[in-house]
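Summary of structural features
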Amino acid sequence: MTRFFKGLTLAAAAALFSAPLAAQDRVQVVATTGMIADTARAVGGDLVELQALMGPGVDPHAFRQTRTDIVALARADLVLWNGLFLEAQMEDFLLELGETGNVVAVTEALAQDRLLASEDYEGRFDPHVWMDPALWADVTLAIRDALSVTLPEGADTFAANADAYLQELAQLASYSDEVLASVPQDARILLTSHDAFGYFGAAYGFEVVGIQGLSTASEAGLRRIADLVDMLVARDIGAVFVETSVSDRNIRALIEGAAAQGHEVIIGGELFSDAMGETGSYEGTYIGMIDHNVTTIARALGGSAPERGMNGQLAQ
């Protein structure tokens with residue numbers, strides 16, 4: 001770790017920067033992604049102070065921790081990360097930090113038979129579990145448990161907050177089921193920039209096609225683009241989707257390629273894949289992120305959904 005701390009080990013950094021938990025007003029929690037941070041904030045309530053390392057539009061596959069991040073992680077009472085190789089560039093660091101610190105990969109609570117295999121990395125799983133609110137409910141319980149271990153005297157509060165949040169997730173899952181079921185069966189093809197929607201497809205019966213693989217680090221070659229253009233034309237697919245955290249270059253290449261063959265394809269909307277919306281907005285919450293995606297997909301592919309989503313809060 002000398003390249004980060006000029007001679008300080010992680011243990012020394014934690015000793016330098018941490019304060020005893022009993023001396024603090026709130027539990028200091030650092031989460032890697034916005035989705036984890038937002039859920040931890042809902043469960044932790046007033047007992048936690050949250051910091052998310054990755055903000056709107058940030059790609060977690062490519063994110064590398066800065067010196068400032070390292071200090072925040074080392075001094076935190078609890079570090080929450082996704083795992084399943086989502087934070088690929090940070091994984092070694094987080095595993096090392098976990099040898100001496102309170103570090104929890106929240107997806108480890110999920111049984112492997114509920115996970116989708118990774119086509120990119122042998123022996124690994126698709127990390128994008130937040131795309132299915134039913135899976136995220138189990139992640140919520142893992143966050144509750146991690147907070148309760150960190151601050152046992154807050155366990156009752158964490159349990160009550162988690163129960164309330166689980167009700168919101170159940171409402172979100174019910175809304176998603178309803179509006180996505182209205183999409184005609186032959187239109188249930190979701191083509192996006194990278195393969196982040198596998199759990200969405202499995203939950204709601206959509207065929208999901210990503211130009212890139214599970215990680216944005218994979219590249220789409222000319223042959224891949226040409227094959228997808230042929231698929232768009234042959235299957236009469238009229239809408240594709242861009243992602244807020246991934247360049248739209250490949251999507252626009254598909255649209256141009258289809259147009260060259262006389263087939264019109266439009267952008268059905270912008271989806272939140274690996275990051276949420278702007279901080280302080282409804283789409284900047286996990287509930288709002290999924291509401292936006294579900295509503296956008298349903299409306300673009302011929303289904304029926306209210307323009308402003310489940311709670312009437314989506315931006316127009």
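How each quantity is defined
- Residues numbered from 1 in each chain as written.
- Predicted model: local features only at pLDDT ≥ 70, side-chain atom pairs only at ≥ 80, totals over all residues.
- Heavy atoms only, no water.
- Helix = DSSP H or I, 4+ residues; strand = E, 2+ residues; numbered from the N terminus.
- Buried < 20%, exposed > 50% of the residue type's maximum accessible area, 1.4 Å probe, protein only.
- Contact = heavy atoms within 4.5 Å.
- Areas by Shrake-Rupley, 256 points an atom, 1.4 Å probe, with all protein chains shown as cover.
- 1 Å grid on protein atoms, 1.4 Å probe; cavity = no way out; pocket = protein on both sides within 12 Å on 5 of 7 lines; lining within 4 Å.
- Points joined across faces, edges and corners; volume = space filled by probe spheres on them.
- Nonpolar A, V, L, I, M, F, W, Y, C, P; charged D, E, K, R; others polar.
- Salt bridge = Lys/Arg side-chain N within 4 Å of Asp/Glu carboxyl O.
- Pairing = 2+ DSSP bridges.
- Right-handed = clockwise from strand over helix to strand, strands pointing away.
- Core = buried A, V, L, I, M, F, W, Y, C linked by side-chain atoms within 4.5 Å.
- Expected span 1.5 Å × (residues − 1).
- Phe/Tyr/Trp six-rings, centres within 6.5 Å; stacked < 30°, edge-to-face > 60°.
- Lys NZ or Arg CZ within 6 Å of the ring centre and 35° of its normal.
- pLDDT = per-residue confidence, 0-100.
- Axes fitted to C-alpha atoms, helices over the stretch in contact; angles between N-to-C directions.

Some words on the overall build of the chain
- Each helix and strand counted, the chain has 11 helices and 8 strands in total.
- Counting the 316 residues in the chain, one finds 52% classified as buried.
- The long-range fraction of contacts in the chain, counting pairs at least 24 apart against all pairs at least 6 apart in sequence, stands at 66%.
- By element, 48% of the accessible surface of the chain is carried by carbon and sulfur atoms, the whole surface being about 13,900 Å².

A look at empty space enclosed by the protein
- Here the structure, examined in full by the defined rule, presents 2 cavities of 30 Å³ or more.
- Along its surface, the second largest cavity is lined by Met131, Phe197, Phe200, Ile290, Asn293 and Val294.
- Among the elements that take part in the lining of the second largest cavity, helix 11 (residues 286–300) stands out by supplying 3 residues, more than any other.
- Among the residues forming the lining of the second largest cavity, the class breakdown is 5 nonpolar, 1 polar and no charged.

Some remarks on the layout of surface pockets
- If you add up the space inside the largest pocket, you get close to 250 Å³.
- Contributing to the lining of the largest pocket are 16 residues, with Gly34, Arg41, Met276, Thr279 and Gly284 lying nearest its centre.
- Here the lining of the largest pocket gets 4 residues from one element, more than from any other, and that element is helix 3 (residues 34–44).
- Residue composition of the lining of the largest pocket, grouped by class: 6 nonpolar, 8 polar and 2 charged.

Here's the deal with the pattern of salt bridges
- Enumeration according to the criterion identifies 7 salt bridges in this entry.
- With a closest N to O distance of 2.7 Å, Glu207 and Arg235 form a salt bridge. With Glu207 in strand 6 (residues 207–212) and Arg235 in the loop between helix 9 (222–234) and strand 7 (239–243), the pair connects residues that are 28 residues apart, well separated along the chain.
- A salt bridge links Asp248 to Arg252; the nearest nitrogen and oxygen atoms lie 2.8 Å apart.

A word on the side chain of Thr296
- With respect to the helices, strands and loops of the structure, Thr296 is situated in helix 11.
- Excluding its chain neighbours within four sequence positions, the residues that come into contact with Thr296 are Phe241, Gly268, Gly269 and Leu271.

Describing the pairing of strand 7
- Judged by how many residues are buried, strand 7 sits mostly within the fold: 5 of 5 residues are covered.
- Alternating residues of strand 7 divide into Ala239, Phe241 and Glu243 and Val240 and Val242, and every residue in both groups is buried.
- Of the pairings in the sheet, the one linking strand 7 to strand 8 (residues 266–271) comprises 5 bridges and is parallel in character. Among the inter-strand pairings, Val242 is bridged to a residue of strand 8, identified as Glu270.
- Taken together, strand 7, helix 10 (residues 249–260) and strand 8 form a β-α-β motif whose crossover is right-handed.

Some details on the nonpolar core
- Counting residues in hydrophobic clusters, the biggest one holds 61 residues, and the most contacted among them are Leu80, Trp136, Leu180, Phe200, Tyr286 and Ile297.
- Here this core takes 8 residues from helix 7 (residues 155–181), the largest share from any one element.
- Excluding anything up to four places from it in sequence, Phe200 contacts Met131, Leu180, Leu190, Phe206, Val294 and Ile297.
- In this structure, Ile225, Val229, Val242 and Val265 belong to the second largest nonpolar core, which totals 17 residues.

Here's the deal with unusual backbone geometry
- With a phi close to 60°, Leu84 is a non-glycine residue in the positive phi region.
- Among the structural elements, Leu84 can be located in the loop between strand 3 (78–81) and helix 5 (91–97).
- In this structure, Phe85 is a non-glycine residue whose phi angle is positive, near 65°.
- Among the structural elements, Phe85 can be located in the loop between strand 3 and helix 5.

Let's talk about helix 11
- With 15 residues, helix 11 ought to run about 21 Å at 1.5 Å a step, and its terminal C-alpha atoms sit 21 Å apart, in line with that.
- The buried fraction of helix 11 amounts to 13 of the 15 residues, a majority that puts the element mostly inside the structure.
- Just past helix 11, the residue Gly302 takes up positive phi, approximately 95°.

Remarks on the packing of aromatic side chains
- Counting across every chain of the model gives 4 aromatic pairs.
- Judged by centre distance (6.3 Å) and plane angle (85°), the ring pair of Phe197 and Phe200 falls under edge-to-face. Residues Phe197 and Phe200 agree in their burial class; the two are buried.
- An aromatic cluster of three or more residues is present, and its members are Phe197, Phe200, Tyr204 and Phe206.
- Between the NZ or CZ atom of Arg124 and the centre of the ring of Phe85, over which it lies, the distance is 4.0 Å.

Brief notes about the confidence of the model for the chain
- For the chain, per-residue confidence averages 90 on the pLDDT scale, and residues scoring 70 or more make up 90% of the total.
- Contacts of residues 1–9 to residues separated by more than four positions or lying in other chains number 16 contacts, the stretch itself having pLDDT below 50.

Describing the sheet that holds strand 1 (residues 27–31)
- If you walk across this open sheet you meet the 4 strands as 2-1-3-4, and the pairing is parallel. Either end of the sheet is taken by a strand with one partner, and the two such strands are strand 2 (48–52) and strand 4 (103–105). Taken pair by pair, the neighbouring strands of this sheet meet at an average axis angle of 20°, ignoring direction.

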